[in-house]
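# An overview of the molecular structure
Below are the chains, spelled out letter by letter.
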Protein chains: 2
Amino acid sequence: MQNKILLSEDEIPRQWYNLAADLPGTINPPLGQDGNPISPDMLAAVFPMNLIEQEVSQDRWIDIPEGVLDLLYRWRPSPLHRAFALEKALDTPAKIFYKNESVSPAGSHKPNTAVAQAWYNKEFGIKRLTTETGAGQWGSALSYSCALLGLECKVFMVRVSFDQKPFRKVLMQTWGGQCVPSPSMDTRVGREILEQMPDTPGSLGIAISEAIEAAVGDETGETRYSLGSVLNHVMLHQTIIGLEAKKQLKKAGIDKVDTVIGCAGGGSNFAGLAFPFTYDKINGADIEIIPVEPASCPTLTATPFSYDHGDVAKMTPMLPMHSLGHKFIPAPIHAGGLRYHGMAPLVSHAVEAGLMTPIAVKQLECYEAGLLFARTEGLLVAPETCHAVAGAVRSANQAKEEGKEKTIIFNLSGHGLMDLNGYEKFMAGELQNIALSAQDVEESRKISLEGHPTPKI
Amino acid sequence: MQNKILLSEDEIPRQWYNLAADLPGTINPPLGQDGNPISPDMLAAVFPMNLIEQEVSQDRWIDIPEGVLDLLYRWRPSPLHRAFALEKALDTPAKIFYKNESVSPAGSHKPNTAVAQAWYNKEFGIKRLTTETGAGQWGSALSYSCALLGLECKVFMVRVSFDQKPFRKVLMQTWGGQCVPSPSMDTRVGREILEQMPDTPGSLGIAISEAIEAAVGDETGETRYSLGSVLNHVMLHQTIIGLEAKKQLKKAGIDKVDTVIGCAGGGSNFAGLAFPFTYDKINGADIEIIPVEPASCPTLTATPFSYDHGDVAKMTPMLPMHSLGHKFIPAPIHAGGLRYHGMAPLVSHAVEAGLMTPIAVKQLECYEAGLLFARTEGLLVAPETCHAVAGAVRSANQAKEEGKEKTIIFNLSGHGLMDLNGYEKFMAGELQNIALSAQDVEESRKISLEGHPTPKI
């Protein structure tokens, strides 16, 4: 059997899968400040209308435009690997596969939606995009995509990551993007926060507020905002991961997948792999679907389903999410991409519907799994991805204990070549486990969520 | 036409190509201190005998062991890309292809020989490898390979690169390798040099001396030295690049290649792509084969064919090379992998035989080409690889001036994600061109090469 299962460019999926078409129960709409559902045109200052249409679509399959496919061909289809060396090291009867999204030029799954969003914006006549970034993967991906399409790009990067990863900024600049630490002096909300908390490490919630302000404040009307996770259209674009993986597993002679795993911050890489398998589960397949979140910033495993804003300044509508509250400032753990206070509405809904079984894992177990993976499979994965590896290791060990064969697939969402300071500190014994207590969670939610309605599926 | 031409694992070449079998003229043997050809057993303290046999082999085709193929499958065959976006930006009638060696877990072509050398050493009963590294690509590749095979690895890294690229060390550690700056206090030669020149930036010639001393000085006999370029067996292992590329071009419907380009430091990534095409040229094909070297460390374009040592302490035999002299200390330009004083004997011989037409390019032109490549093709290449891109850009521009169609292929030897400080300085206007004058070259050769015999092909 081959180590890597490849697809040629003409085997690429030509439609995205939209889980919103199949989720059981009621889809809860985004709500405005007044508590009423917002209409699509209320988002028009933030997003181009073609993406807003995707955001609210209930169609199961959505065609991928040829122009987007031409961009995806730069690195897609991505390889599916069989983790023979990891299986051997774990002495497990489980078969472990991983979808390698680190092969994109930006090094992660993020370009899947970045090139699509940049393409739709350009189609709509937009010249300039603003965004936020946590670990830097998303800001890199959007800078890359804007370079390919000749758009300008401005990235607000969470300060703690900006400081931890100076070369992320250079990478974005190399692709022509501008990157500033957030909170910044470039926006009203940034200036206000800096005045109150000059030493804040920042948060995705703050950076999103800044990026939206920078977009809607451009009076030429040629700037829009772009989000790298959470929203329905982002999940949609990522489903190409799982759709390719299903074709590849079939090529590898695998009829049945037992366990699907991804790390989950905002939810997009996880959804990208998991949603096409969730479709099978809704249609009767027996599949365990596991989002893995950090114990330091748990949403699915620690919070109820609530309406909350996506950003600290409440510039976004309220979305139905598992949320720690939009004012939550996460601990500066090294998996910067998993520090968002909320979880994608579609993932949150699927968990509420019992389709997924989330787990929360602590930092040290994740790096340990990442180091084992590097020394067996050879790939050095991002700190975020270490959470998925840790989930796969747990699942494979469980198979060993139970003496059961099973097939596990996880999403290798990105490489860690630009995130080595986390590994360095881990190897030096300088990292600690950080977990939020139930009381921390309750307090954080209390100051953010009072008076917010509760969604029901 | 597809953007990427892929091969499945069962299409991988199963033999390496040995140019030594086909080079016109006399192959000049390595010489000992006494000026007489050395015998293979004189290298036995440095290399395992199975690799020494490859080093002196005159067989045209050498089987790749199944155990090595199993390791190569981790990332090979590598993709061949058509550079549609670069062609468009240059408005050239040329077709430009590039072989993407950046997809290996270590990020460059170096693992092609690293996994092979580690495998042969393990077969021979060796437990521990020592090596040097310039930019860090080779040290990373050998650490990676040793992790896969359970060998220990110690890397002496040229100090200027060690300081420029702190995360390279962490990457090697992640794979279990040990990395120290060279010159170091760990060897006699290192201590002597530090005493004379405490502020030296180091050189590959010094680091090689240290690594050899550390290998031959291990009294258990279980340590050997591993070299990432220059030697015949290294070139041999890299030919898988060109052999795959020829299959891929055929798949893409390309009958004739006009120009083959690679950057050349020690010569291995260049040879890897070029030697299989050199075979065609020897057999009558009309192909231009261009090694691109930095103007700050030119060997093929600036020096005559001479016998010289591979390291500063004369621990290696004398090899027939284009050389700036083994005592040469290069300027600290950012393409750390192209700072070696000599050039691979097989490449040197092929240039003497008129089979190749080397060029030297200055630093700023290279980074400019690299930045253009990043903003069109999207891939951020290593500073070394920028030299190959610059060569391809020159060749494509020439095709435009002449109004001629042609097919160009170059080797994308590695990504630059860990070498962003060079791009940062270039974008900030802080880099200067550095070129060696004829007088610099003459003086450097004078202090190193006096009394060395002159090879004749």
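On a predicted model such as this, the values are computed, not experimentally measured, just so you know.

## Here's the deal with the state of the cysteines
Counting across every chain of the model gives 0 disulfides over all chains. Just so you know, Cys146(B) is unpaired, no disulfide at all, and the nearest cysteine sulfur is the one on Cys153(B), 4.2 Å from it.

## Describing the packing of helix 1 (residues 49–56) of chain B against helix 4 (residues 111–123) of chain B
Residues and elements named next belong to chain B. Where helix 1 contacts helix 4, the two axes come as close as 8 Å, and the packing angle between them is 130°. Classified by the angle their axes make, helix 1 and helix 4 are oblique. Residues Asn50, Leu51 and Gln54 of helix 1 touch helix 4, and the partners they reach there are Gln117, Tyr120, Asn121 and Glu123. Here the residues of the contact of helix 1 with helix 4 sort into 2 nonpolar, 4 polar and 1 charged.

## Details of the confidence of the model for chain A
When pLDDT is averaged along chain A, the result is 96, and 100% of the positions lie at 70 or above. In the predicted complex, the global pTM is 0.96; the interface-specific ipTM is 0.95.

## Notes on the environment of Ser143(A)
All names here are of chain A. Looking at where serine 143 falls in the secondary structure, it is placed in helix 5 (residues 137–149). Since its relative accessible area comes to 1%, serine 143 is described here as buried. Separated by 29 residues in the primary sequence, serine 143 and alanine 114 have C-alpha atoms spaced 8.6 Å apart. If sequence neighbours within four positions are ignored, serine 143 has contacts with Cys153, Val155, Met172, Trp175 and Gly177.

## Focus: the sheet that holds strand 9 (residues 223–225) of chain B
Residues and elements named next belong to chain B. Read across the sheet, 4 strands follow the order 8-7-6-9 without closing on themselves; strand pairing throughout is parallel. Strand pairing shows two members of the sheet lacking a second neighbour, strand 8 (178–182) and strand 9, which therefore form its edges. Pairs of neighbouring strands in the sheet enclose a mean axial angle of 20°, with direction left out of account. Pairing geometry for strand 6 (residues 128–133) and strand 7 (residues 152–158), over 6 bridges, is parallel. By the bridge assignment, threonine 131 is partnered in strand 7 with valine 155.

## Notes on the interface of chain B and chain A
Listed by partner, the interface residues are 43 residues for chain B and 43 residues for chain A. Around 3600 Å² of area is buried between chain B and chain A when both sides are counted, 58% of it from carbon and sulfur atoms. Taken as a group, Arg74(B), Thr174(B) and Leu417(B) account for 17% of the area that chain B buries against chain A, more than any other trio of residues on that side. Run the count over chain B and chain A and you get 2 salt bridges. A salt bridge links Glu9(A) to Lys4(B); the shortest N-O distance between them is 3.0 Å. Joining chain B to chain A, the criterion identifies 20 residue pairs in polar contact (both at pLDDT 80 or more). For the side of chain B that touches chain A, the secondary-structure elements that each account for two or more residues are helix 5 (137–149), helix 7 (166–174), helix 14 (363–376) and helix 16 (420–427) of chain B. Broken down by element, the residue count for the side of chain B that touches chain A peaks at 6 residues, all from helix 7 of chain B. Of the residues that constitute the side of chain B that touches chain A, the class distribution is 23 nonpolar, 11 polar and 9 charged.

## A word on the pattern of salt bridges
Across all of its chains, the model carries 38 salt bridges over all chains by this definition. The salt bridge involving Lys165(A) is made with Asp419(A); its shortest N-O contact spans 2.6 Å. With a gap of 254 residues between them, Lys165(A) in the loop between helix 6 (159–164) and helix 7 (166–174) and Asp419(A) in the loop between strand 15 (407–412) and helix 16 (420–427) connect regions that are remote in the sequence. Summarising the burial analysis for this pair, Lys165(A) and Asp419(A) share the class buried. Across the salt bridge formed by Asp258(B) and Lys256(B), the nearest N and O atoms sit 3.2 Å from each other. Each of Arg76(A), Lys99(A), Glu101(A) and Glu244(A) takes part in one network of salt bridges that share partners.

Calculation notes
- Residues numbered from 1 in each chain as written.
- Chains lettered and ligands numbered in written order.
- Predicted model: local features only at pLDDT ≥ 70, side-chain atom pairs only at ≥ 80, totals over all residues.
- Heavy atoms only, no water.
- Disulfide = S-S within 2.5 Å.
- Axes fitted to C-alpha atoms, helices over the stretch in contact; angles between N-to-C directions.
- Helix = DSSP H or I, 4+ residues; strand = E, 2+ residues; numbered from the N terminus.
- Parallel < 35°, antiparallel > 145°, perpendicular 65-115°, else oblique.
- Contact = heavy atoms within 4.5 Å.
- Nonpolar A, V, L, I, M, F, W, Y, C, P; charged D, E, K, R; others polar.
- pLDDT = per-residue confidence, 0-100.
- Buried < 20%, exposed > 50% of the residue type's maximum accessible area, 1.4 Å probe, protein only.
- Pairing = 2+ DSSP bridges.
- Buried area = accessible area lost by both parts, 1.4 Å probe.
- Salt bridge = Lys/Arg side-chain N within 4 Å of Asp/Glu carboxyl O.
- Polar contact = N/O pair within 3.5 Å; in protein donor to acceptor, adjacent residues only side chain to side chain.

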